[in-house]
Amino acid sequence: QVQLVESGGGSVQAGGSLRLSCAASRSVNFMGWFRTAPGKQREGVARIYTSGGSPLYADSVKGRFTLSKDNAKNTVYLQMNSLKPEDTATYYCAAEKPISDAWSNPAAWRYWGQGTQVTVSS
């Protein structure tokens, strides 16, 4: 079992920044971020393999969001810059999936955090 604790959500103006954190109760292989906007399906935002390699991002956030990790703390961070109103959503941390499964499929992920709200005003 893995517990995931998210933090860092809040309310900002368009163009502002937030940094989300997700701390896992033990080391994991994959960690990722998803979001659910009002009235919309859950959407993959980014993922990272904790052993190495480059993060992957949804097209909608490329160039604005950066996923990083601190393996010593079993923690990943999502730095969100140049925020837009359409980024408003509840953001969820996820961990562990079969290595061959598409990362953007929420059903592939085993563990989930409680979610943290991000609100971007115009």
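Definitions and cut-offs
- Residues numbered from 1 in each chain as written.
- Predicted model: local features only at pLDDT ≥ 70, side-chain atom pairs only at ≥ 80, totals over all residues.
- Heavy atoms only, no water.
- Helix = DSSP H or I, 4+ residues; strand = E, 2+ residues; numbered from the N terminus.
- Buried < 20%, exposed > 50% of the residue type's maximum accessible area, 1.4 Å probe, protein only.
- Contact = heavy atoms within 4.5 Å.
- Areas by Shrake-Rupley, 256 points an atom, 1.4 Å probe, with all protein chains shown as cover.
- Lys, Arg positive; Asp, Glu negative; His and termini not counted.
- Charge placed at Lys NZ, Arg CZ, Asp CG, Glu CD.
- Pairing = 2+ DSSP bridges.
- Core = buried A, V, L, I, M, F, W, Y, C linked by side-chain atoms within 4.5 Å.
- Disulfide = S-S within 2.5 Å.

S.K.: Before we go on, may I ask you to explain the overall build of the protein chain in this structure?
M.R.: Counting its regular elements, the protein chain contains 0 helices and 11 strands. Secondary structure of the protein chain in N-to-C order comes out as β-β-β-β-β-β-β-β-β-β-β. Taken along the three principal axes of its C-alpha coordinates, the protein chain extends 40 × 30 × 25 Å. Relative to its full complement of 122 residues, the protein chain shows a buried share of 45%. In the protein chain, 57% of the contacts between residues at least 6 apart in sequence involve partners at least 24 apart. On the protein chain, roughly 6,200 Å² of surface is accessible, and the fraction owed to carbon and sulfur atoms is 45%. In the protein chain, the 13 positive side-chain charges and the 8 negative ones have mean positions that sit 3 Å from each other.

S.K.: What should I look at first to understand the pairing of strand β3 (residues 18-24) in this one?
M.R.: Successive residues of a regular strand alternate their side chains across the two faces of the sheet. Taken across its 7 residues, β3 has 5 buried, putting it largely inside the fold. Note that strand β1 (residues 4-7) and β3 share 4 bridges and pair antiparallel. What sits directly across from Val-5, in β3, is Ala-23. Of the strand pairs in this sheet, β3 and strand β8 (residues 75-80) are connected by 6 bridges, and their pairing is antiparallel. Bridge assignment links Ala-23 to a residue of β8, and that residue is Thr-75.

S.K.: When you look at the nonpolar core in this model, what are you seeing that I'm missing?
M.R.: As a rule of thumb, soluble globular proteins bury nonpolar side chains together. Grouped together as the largest cluster of nonpolar side chains are 30 residues, with contacts concentrated most on Leu-4, Met-31, Trp-33, Leu-78, Met-80 and Tyr-91. Every residue in contact with Leu-4, bar those within four places of it in the chain, is listed here: Cys-22, Ala-23, Ala-24, Met-31, Cys-93, Ala-94, Ala-95, Tyr-111, Trp-112, Gly-113 and Gln-114. By size, the runner-up hydrophobic cluster in this structure holds 6 residues, among which are Phe-30, Trp-103, Ala-108 and Trp-109.

S.K.: Help me understand the environment of Met-80 in this model?
M.R.: Tracing the backbone through its elements, the reader meets Met-80 in strand β8. With 17 residues separating them along the chain, Met-80 and Lys-97 place their C-alpha atoms 24 Å apart. Contacts of Met-80, omitting those with residues within four sequence positions, involve Gly-16, Ser-17, Leu-18, Leu-20, Arg-64, Phe-65, Tyr-91 and Val-118.

S.K.: Can you help me understand the environment of Arg-42 in this one?
M.R.: Among the secondary structure elements, Arg-42 is positioned in the loop between β4 (30-36) and β5 (43-49). The class of Arg-42 is partly exposed, set by a relative accessible area of 39%. Put simply, Arg-42 and Gly-115 are 73 residues apart on the chain and 12 Å apart in space, counted from C-alpha to C-alpha. In contact with Arg-42, other than residues within four places in its own chain, are Phe-34, Arg-35, Thr-36, Pro-106 and Trp-112.

S.K.: How should I be thinking about the state of the cysteines in this particular structure?
M.R.: The term disulfide refers to a covalent linkage connecting the sulfur atoms of a pair of cysteines. Enumeration over the complete set of coordinates arrives at 1 disulfide. Cys-22 shares a disulfide with Cys-93; S-S distance 2.0 Å. For the disulfide bridge between Cys-22 and Cys-93, the dihedral angle about the S-S bond is near -80 degrees, and by the sign convention the bridge is left-handed. Residue Cys-22 is located in strand β3, and its partner Cys-93 is located in strand β9 (residues 89-95); the two are separated by 71 residues in the primary sequence. By the burial criterion, Cys-22 is buried, and Cys-93 matches it.

The values reported here are purely geometric and, on their own, carry no functional implication.
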